[in-house]
Amino acid sequence: MNISNQPQPPLLGASDPAPVEIVNPAGRGDVLLVCEHAGREIPSSLGDLGIAASEMDRHIAYDIGARDLALMLSERLDAPLVAQRYSRLVIDCNRPTEADDSIPPVSDGTEIPANRNLDARERAQRATEIFEPFDRALAGAIRNRRPKAIFAIHSFNPVLRGVSRPWDIGFLYRKDARTSPALQRYLLAAAPDISIGMQEPYAISDQSDWFVPVHGERNGIAHSLIEVRNDHISHPEGVARFAGLLAGAIGDFMKKGD
Ligand SMILES: [Zn+2]
């Protein structure tokens, strides 16, 4: 008997949550919010991924504070939010599934045993059960609601591989050179003390990114991927401050963009 012909048990079991969380689906704002690294669920069939529980509290597992910030923005802007519940260590929903670190075997120095030596079927299963439902939900929300702008909410670690990052907030974009600079202008006036990175802390590419190239650029919708330094939004006061600043910046952009 050829073992490869045996049916594969599903990745997600009956007790596992659905991958996609949609908040405020009937929101009346012109904006759609996305949070690909919101969650840190692990499908029960993958156990603990072979890593210590404390690793799941680190930025390698999810974007610390990003869901809280996205939830508050969703409320302030009356915008729907599409968020992923599973950890990016299971599969990264802001990367092409062909990317080497789509299912990272190592993340910021931590080995992820459950991601080592996966065969094609195991890789495909992560994509079909977690990445694709999220991607379809987001594409469907864009198609049905026709938002005037879409914003992905992320956070970054103050230090990566020993290098300190000087920015408080970053805007990632490539072809849409209007939206992110407009948000920057607002923040420069509203909060002159914060340091803003444009196309920082990393540069967008087709090989490493999904939201900007696929959902933003291909649809021709105004967009920006917003990265906030995670120590600013790891507590409620910081979340409220950055939600206020970003709701102001996005609101101002939407008003002027009409
Ligand atoms: Zn992220």
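I will try to describe carefully the structure that is included in this document. Please read all numbers here as calculations on a predicted model, not as lab measurements. (Residues numbered from 1 in each chain as written. Predicted model: local features only at pLDDT ≥ 70, side-chain atom pairs only at ≥ 80, totals over all residues. Heavy atoms only, no water.)

### Description of the nonpolar core
Most often, soluble globular proteins have nonpolar side chains that are buried together.
In step 1: If you look at the biggest cluster of nonpolar residues, it comprises 41 residues, and the most contacted ones within it are Leu32, Leu49, Met56, Val82, Leu89, Ile130 and Phe211.
In step 2: Those elements that provide at least two residues to this core are strand S2 (31-35), helix H2 (120-145), strand S6 (149-156) and helix H4 (211-217).
In step 3: Per-element accounting of this core gives the leading share, eight residues, to H2.
In step 4: Contacts of Leu49, omitting those with residues within four sequence positions, involve Ile42, Met56, Leu89, Ile112, Pro113 and Ala114.
In step 5: The next biggest cluster of nonpolar side chains, apart from the first, holds 39 residues, and it includes Ala70, Tyr173, Ile196 and Met254. (Core = buried A, V, L, I, M, F, W, Y, C linked by side-chain atoms within 4.5 Å. Buried < 20%, exposed > 50% of the residue type's maximum accessible area, 1.4 Å probe, protein only. Helix = DSSP H or I, 4+ residues; strand = E, 2+ residues; numbered from the N terminus. Contact = heavy atoms within 4.5 Å.)

### As for the coordination of the zinc ion
In step 1: Looking at the zinc ion, one finds its protein donor set to be His37 (ND1), Asp63 (OD) and His154 (ND1), positioned 2.0 to 2.1 Å from the metal centre.
In step 2: In the primary sequence, the donor residues of the zinc ion line up as H-x25-D-x90-H. On the criterion of sequence distance, the pair formed by His37 in the loop between S2 and helix H1 (66-77) and His154 in strand S6 is long-range, its members being 117 residues apart.
In step 3: Here His37 falls in the buried class, since its relative accessible area comes to 6%.
In step 4: Relative accessible area serves as the criterion here: at 1%, His154 is assigned to the buried category. (Donors = N, O, S within 2.8 Å, 3.2 Å for Na, K, Ca; no water.)

### Description of the packing of aromatic side chains
In step 1: On inspection of all chains with the given rule, the structure shows one aromatic pair.
In step 2: With centroids separated by 5.4 Å and ring planes inclined at 70 degrees, the aromatic side chains of Phe131 and Trp210 adopt a geometry described as edge-to-face. With a gap of 79 residues between them, Phe131 in helix H2 and Trp210 in the loop between strand S10 (196-198) and H4 connect regions that are remote in the sequence. Here Phe131 matches Trp210 in class, with each residue buried.
In step 3: One residue, Arg40, lies across the ring of Tyr62, its end atom 4.4 Å from the ring centre. (Phe/Tyr/Trp six-rings, centres within 6.5 Å; stacked < 30°, edge-to-face > 60°. Lys NZ or Arg CZ within 6 Å of the ring centre and 35° of its normal.)

### Details of the side chain of Asn94
In step 1: Tracing the sequence through the fold places Asn94 in the loop between strand S3 (81-84) and strand S4 (106-107).
In step 2: Owing to a relative accessible area of 3%, Asn94 belongs among the buried residues under this scheme.
In step 3: Engagement of the side chain of Asn94 in a polar contact is seen with the backbone nitrogen of Phe211, the distance being 2.8 Å.
In step 4: When sequence neighbours within four positions are dropped, the list of residues in contact with Asn94 reads Glu36, His37, His154, Tyr202, Ser208, Asp209, Trp210, Phe211 and Leu225. (Polar contact = N/O pair within 3.5 Å; in protein donor to acceptor, adjacent residues only side chain to side chain.)

### Comments concerning unusual backbone geometry
In step 1: Here the bond from Glu200 into Pro201 is cis, since omega is 10 degrees, no more than 30 degrees from zero.
In step 2: Turning to its location among the elements, Pro201 is positioned in the loop between S10 and H4.
In step 3: For Arg161, which is not glycine, the phi torsion reads 50 degrees and is therefore positive.
In step 4: Structurally, Arg161 is set in the loop between strand S7 (159-160) and strand S8 (163-164).
In step 5: Unusually for a residue other than glycine, Gln199 sits at a positive phi of about 55 degrees.
In step 6: Considering the arrangement of structural elements, one finds Gln199 in the loop between S10 and H4.
In step 7: A relative accessible area of 35% means that Gln199 is categorised as partly exposed.

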